[in-house]
Structures are given as structure tokens and as C-alpha cells.
There are 2 protein chains.
Amino acid sequence: MSAKLTILGAGSALPTRTNFPSSQILELRDKQYMIDCGEGTQIRIRQMGLKISRLGHIFISHLHGDHCLGLIGLISSFGMLNRTADLYIHGPIGISSLFESHINFFCDNLPFKVIFEEFNTNKHQLIFEDKTMEVYSIPLKHRVPCSGFIFKEKPKERHILREMIDFYEVPLSQINLIKRGADFTAQDGVIIPNSRLTTDADKSISYAYCSDTAYSEKIIKWIEDVDLLYHEATFAESEKIRAKSTMHSTAAQAATIALKAKVSKLIIGHFSARYNNQRVLLNEAKAIFENTILGEDMQTYEF
Amino acid sequence: MSAKLTILGAGSALPTRTNFPSSQILELRDKQYMIDCGEGTQIRIRQMGLKISRLGHIFISHLHGDHCLGLIGLISSFGMLNRTADLYIHGPIGISSLFESHINFFCDNLPFKVIFEEFNTNKHQLIFEDKTMEVYSIPLKHRVPCSGFIFKEKPKERHILREMIDFYEVPLSQINLIKRGADFTAQDGVIIPNSRLTTDADKSISYAYCSDTAYSEKIIKWIEDVDLLYHEATFAESEKIRAKSTMHSTAAQAATIALKAKVSKLIIGHFSARYNNQRVLLNEAKAIFENTILGEDMQTYEF
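Residues numbered from 1 in each chain as written. Chains lettered and ligands numbered in written order. Predicted model: local features only at pLDDT ≥ 70, side-chain atom pairs only at ≥ 80, totals over all residues. Heavy atoms only, no water.

Visitor: Is there a simple way to think about the interface of chain A and chain B in this case?
Guide: Size of an interface: often given as the accessible area lost when the parts come together. Counting residues at the interface gives 34 residues for chain A and 34 residues for chain B. Each partner contributes to the roughly 2800 Å² buried at the junction of chain A and chain B, and carbon and sulfur atoms together form 66% of this total. Counting across the chain A and chain B interface gives zero salt bridges. The interface formed by chain A and chain B holds 10 residue pairs in polar contact (both at pLDDT 80 or more) in total. Breaking the side of chain A that touches chain B down by element, the ones donating at least two residues are α1 (41-48), α2 (65-68), α3 (71-80) and α4 (95-106) of chain A. The greatest single-element share of the side of chain A that touches chain B, amounting to six residues, is contributed by α1 of chain A. Taken together, the residues of the side of chain A that touches chain B sort by class into 18 nonpolar, 13 polar and three charged. (Contact = heavy atoms within 4.5 Å. Buried area = accessible area lost by both parts, 1.4 Å probe. Salt bridge = Lys/Arg side-chain N within 4 Å of Asp/Glu carboxyl O. Polar contact = N/O pair within 3.5 Å; in protein donor to acceptor, adjacent residues only side chain to side chain. Helix = DSSP H or I, 4+ residues; strand = E, 2+ residues; numbered from the N terminus. Nonpolar A, V, L, I, M, F, W, Y, C, P; charged D, E, K, R; others polar.)

Visitor: So what exactly am I meant to see when it comes to the relation of the copies chain A and chain B here?
Guide: Mapping between the two copies of the chain is achieved by a rotation about an axis and a shift along the axis. The two copies are related by a screw operation: chain A maps onto chain B through 180° of rotation and 0.0 Å of translation along the axis, at an RMSD of 0.0 Å. On the angle and the small slide along the axis, the relation comes out as a two-fold axis. No C-alpha of chain A lies nearer the rotation axis than that of G40 of chain A, which sits 2.7 Å from it. Take the interface residues of chain A: 100% of them recur as interface residues in chain B, which is what a same-surface contact looks like. (Least-squares fit on C-alpha atoms with pLDDT ≥ 70 in both.)

Visitor: Explain the sheet that holds strand β9 (residues 147-153) of chain A here, please?
Guide: Residue and element names in this part refer to chain A. Across the sheet, which stays open at both edges, the seven strands sit in the order β7-β8-β9-β14-β15-β16-β17 with mixed pairing between neighbours. Strands at the two margins of the open sheet, each flanked by one partner only, are β7 (126-129) and β17 (292-294). Ignoring which end each strand starts from, the neighbouring axes of this sheet average 20° apart. As defined by bridge partners, strand β8 (residues 133-139) adjoins β9 across seven bridges and the pair is classed as antiparallel. (Pairing = 2+ DSSP bridges. Axes fitted to C-alpha atoms, helices over the stretch in contact; angles between N-to-C directions.)

Visitor: What should I look at first to understand the packing of helix α3 (residues 71-80) of chain B against helix α4 (residues 95-106) of chain B in this one?
Guide: Think of two packed helices as two axes; the pair is described by the angle between the axes and how far apart they sit. Residue and element names in this part refer to chain B. In the contact formed by α3 and α4, the axes pass within 10 Å of each other and the chain directions differ by 45°. Judged by the angle between their axes, α3 and α4 are oblique. Once α3 is placed against α4, the crossing between them reads as right-handed. For the pair α3 and α4, the contacting residues are L71, I72, I75 and S76 in the first and I95, F99, H102, I103 and F106 in the second. Across the contact of α3 with α4, the residue classes tally to seven nonpolar, two polar and no charged. (Parallel < 35°, antiparallel > 145°, perpendicular 65-115°, else oblique. Left-handed = near helix turned anticlockwise from the far one by under 90°.)

Visitor: It is not clear to me how the confidence of the model for chain A should be interpreted in this structure. Could you clarify?
Guide: Low-confidence regions, as indicated by low pLDDT, have predicted coordinates that should not be scrutinised in detail. The share of residues in chain A with pLDDT of 70 or more is 100%, and the mean pLDDT across the chain is 96. Overall fold confidence for the complex sits at a pTM of 0.93, while the interface term, ipTM, reaches 0.92. (pLDDT = per-residue confidence, 0-100.)

In C-alpha cells:
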């Protein structure tokens with residue numbers, strides 16, 4: 001089963017004709033997870049005609065406006081559309097007090113609860129898990145406390161070899177344990193190794209989101225081998241000094257991280273409004289890491 | 001000289017493929033005035049490539065999210081674009097305390113001041129004037145304190161008849177007084193009436209914005225004879241009961257107000273997201289007031 005990433009906004013602080021501020025939706029096994037929620041997020045959702053009833057958790061990287069100013073409008077609209085499921089917002093310490101008064105003012109009589117789960121952006125830790133997914137924070141290097149996220153699909157069950165199960169007369173009660181890797185002890189005491197009863201599970205999917213951040217090799221160990229990396233690439237190499245002073249990355253730096261972390265695919269985004277033609281960013285990244293694509297608003301990427 | 005009204009968003013609370021929430025810019029004699037600032041206002045501005053350096057005053061009708069949630073993003077972007085001119089925000093009592101903490105948090109180190117001017121939405125009063133314009137509040141009938149606005153261009157100067165000025169040897173020092181309507185007393189004591197020295201001034205332009213509001217004939221006296229009226233028309237006649245309970249207007253009600261107020265032209269807007277085809281609203285309005293047009297996002301209307 002593949003995952004889908006829908007980019008709602010691949011822009012940075014100043015929106016452009018083509019790019020809204022940061023927001024995206026990761027979809028896996030019928031669940032949706034939103035990452036960042038810049039101004040206009042709900043507008044992009046409506047423009048795309050997306051159904052987001054399966055969205056239960058929003059992850060906010062940091063408290064700059066272009067990553068979270070769409071929250072109140074989105075929550076308010078959820079209320080008008082009679083959402084009833086609780087909505088969890090995971091974000092840096094302080095996010096709750098920052099938004100609670102506006103939620104109370106603008107979103108009165110919500111038919112669901114908004115629950116803030118704050119985490120320390122300085123730590124790499126498990127911040128969320130459900131049946132499908134584990135989400136870890138990734139400490140990033142930015143002007144304010146900022147965290148990336150790595151979404152790791154939980155290990156899937158091994159595939160049962162039906163004919164071997166029949167041959168060894170494995171009782172139904174043992175099947176789930178065997179799917180999770182257990183050996184089977186037959187009635188005569190003989191141990192049948194799991195490898196005779198099953199084949200490998202499908203690969204679990206992993207996705208890392210790293211925005212906003214200056215170039216930081218510290219993150220490599222956490223995002224190694226992910227199937228897809230979204231890394232900010234605010235500037236071209238010609239603005240390398242500006243990238244450093246504003247604690248952003250160049251496209252080449254994003255690609256260098258992708259290369260060193262041996263990821264399968266890189267999407268670059270969070271483009272400065274100065275680039276009418278973002279090809280320069282793509283070309284600079286591809287020169288270092290070939291399997292790079294340009295993040296585009298309202299595009300869905302399967303992986 | 002004509003005025004220009006640019007609609008940035010003609011939608012209501014739920015955005016659609018075509019409509020952002022409420023915001024518009026009125027432009028007259030090189031000055032710009034923003035009315036309402038829903039989520040995505042700065043995005044529409046960038047999409048249209050509008051220059052808004054001459055925007056000094058924003059008028060907020062009421063504190064529902066779809067009329068003011070774009071303020072923080074807009075102010076923040078003004079900061080990044082190095083605006084230096086003070087920005088005045090005129091709005092209902094409470095707007096300052098509602099937004100000040102977010103301005104302080106999201107828009108640090110602004111190179112200009114944001115000055116809130118609060119007014120009582122229950123009163124029809126002059127809330128702003130500059131050399132060009134007077135702006136009056138219009139008490140509206142909505143679920144929260146809400147005000148429309150009437151923009152009245154100040155009376156223009158009368159046109160001097162050059163040959164009469166020469167004939168009566170009017171000194172330069174008297175010209176401005178005569179342009180404003182004064183008679184001229186010649187050296188021999190004879191009074192030359194102003195009507196011999198001038199012709200009528202160009203007509204002053206007036207624009208009224210009435211959104212959000214239930215049908216209210218009380219407003220007619222304040223908006224009589226305006227050149228252009230923007231009146232909300234959230235619903236069609238089939239939703240008349242819903243319009244009443246949510247304190248909005250139908251298209252026919254908007255047109256009835258236009259007719260009774262003898263305005264020159266009506267633009268309807270603030271459409272409910274349920275109308276994929278807004279022609280039904282236009283047709284219902286035109287049946288009552290022929291000179292009605294449908295407000296459209298990113299359109300500029302000269303009048």
C-alpha cells in the first residue's frame with residue numbers, strides 16, 4: 001500500500017501567484033495527518049475538493065505565521081461543517097496559550113474538542129502513535145523553536161503461507177502471533193521457525209518533513225533511508241549567505257542532506273517569493289541528488 | 001475622476017473554488033482603503049499583483065473570522081516588505097485586545113505602527129476622514145456587533161471660469177475661496193455672485209458597504225443615492241428562513257434595499273458556499289433591481 005502526500009502550500013512567508021504558505025496532508029491507510037497549517041490552508045482544501053473527515057491530527061513545526069495562521073479558519077470551518085471527532089494539534093510548547101483565546105472567540109459552540117499536545121522541540125522523541133503510525137519530532141535549527149517530523153508506518157504483519165499453516169495444523173489462535181513473527185510449537189514439541197510459515201511483511205513507509213531549518217547534519221541520523229523527504233529549500237546558492245543569516249536552507253543544501261541520509265526521494269519546498277521560476281532551485285538540487293522533485297501547491301505525490 | 005472597487009473575496013464563512021472570504025479595496029484619488037480582511041486577503045493581493053503601498057486604513061465590519069482572520073498575515077507581510085507608514089485599523093470595540101497579542105507575537109520588529117481605532121457599531125457616525133474622504137459607520141443587524149461603511153468623497157472644488165476671473169480682476173488670494181463657493185466683492189463694493197465665476201464641481205463619489213446584515217430598512221436613510229452599494233446576499237429566496245435565523249440577507253432583500261435607497265448600482269456578495277452557480281442569486285436580485293452585478297473575486301469595478 002502506498003502513501004499519498006498532498007501539498008497545499010509550498011511557499012514561504014510571502015505568498016505568490018502559485019504558492020500558499022506551508023501546509024500538507026499525509027494520507028496512509030485511510031488516515032490523514034496534516035503538517036503545518038499556514039494561512040489559506042482551508043481555502044486550498046476547498047479548491048481541491050479534498051475530503052478531510054479522516055484528519056484527526058495536525059502537526060505544527062513552529063510558531064511562525066506562515067506555518068500556523070490557517071488554524072483558526074480551519075477549526076472554525078470544521079465547526080460549521082458539523083465535525084464531531086476531536087481534533088488534536090501537536091505543536092511546540094506555547095501553541096496552546098497562543099491560540100486558545102482565538103479558538104474561544106472565533107469558534108464558539110464547536111461540536112468537537114480541540115486538544116493541544118505540546119512537545120519540546122529540542123528533543124527527538126515519539127510525540128504520537130496510533131495503530132498505523134509513529135510520529136517522531138526532529139529538532140531543527142531555526143530562529144524560533146522548530147521541529148521536523150518523521151512519520152513511520154508501524155511494522156506490518158508477515159504474510160501467512162496458507163499451505164504451511166494447513167500442513168502443520170496451526171490452530172487459529174496462533175495465527176496473529178505468527179503474523180507478528182512468532183515461531184510455532186507443534187503438539188509433538190517440535191519448533192517450526194516463523195520463516196517456514198510466513199514471508200516478509202510489506203515494507204513500512206516512512207516520510208520526513210524538515211521545514212524550516214538551516215543546513216544541519218545532525219538531522220541525518222533521524223531521517224536515514226526514509227522513502228520520502230520534504231526539505232525546505234528557501235533559497236538558491238546565490239543567496240547562501242542570506243539562507244544562513246535567516247536560518248533557512250538552499251536547494252543544494254537540501255539535496256546534500258537527502259544524499260547523506262540516503263533517502264529514496266526528495267521534494268523541495270518553502271520557496272522564497274523571489275523565484276518566479278523555481279527551476280533554478282530544482283536544477284541546483286538535482287545536480288547533487290538526482291531524485292529530487294519540485295513541491296507544487298495542490299499536487300499529490302504517491303510513494 | 002472615478003473610483004475603483006477591487007473585490008478580493010466575495011465569499012462567506014466557507015471558502016469555495018472561486019470565492020475567498022470577505023475583503024475588498026476601494027481606491028479613490030490615489031488613496032486605498034481596505035474593507036474587511038478575511039483569511040487569504042494577502043494571497044489575493046499577491047495573486048492579482050496589486051500594489052498596496054497607498055493603503056493606510058483598514059475598516060473591519062465585525063469580528064467574525066471570515067472578515068478579519070487575514071489581518072495578522074497581512075500585517076506580518078507588510079513588515080517583511082519594509083512598510084514604514086503607520087497602519088490604522090478601524091473596527092468594533094474589542095478588536096484591539098483581540099489582535100494585539102498576535103501582532104506582538106507574529107509580527108515582531110515591525111518597522112511601522114499598527115494603530116487600532118475602535119468605534120461603537122450601534123451608532124451612525126463619522127469614524128474617519130482625510131483630505132479626500134469621510135467614512136461613516138452604518139449600524140447593521142447581525143449576530144454580533146456589526147457595522148457597514150459609507151465612503152463619501154468630500155465635496156470637490158467648483159470649476160473656475162478663467163475669463164470671468166480675468167474680467168473681474170479677481171486677485172490670486174481669493175481663488176481658493178471662490179473655488180469653495182464664496183462670492184467675490186470687487187474693489188468698488190459690488191458683489192459678484194459665485195455662480196458668475198464658477199461652474200459646478202464634479203460630483204462627489206459615494207460607496208456603501210453593507211455586510212453582514214439581515215434585511216434592515218433602517219439603513220436606507222444612510223445609504224440613499226450612493227453611486228455604488230455592496231450588499232451581502234448570502235442566500236437565495238428558497239433559504240429565506242435560514243437567512244433570517246442566521247441574520248443574513250437574500251439576494252432579493254439586497255435588491256429591495258438598493259431599490260428603496262435609490263442607489264445607482266448594486267453589487268451583491270458574501271455568497272453562501274452552497275451556490276455553485278450564483279446566477280440564481282443574480283437573477284433574483286435583478287428581478288427587483290435591474291442594475292445589479294455579481295461580485296467576483298479579483299475583479300475591479302470602476303464607478
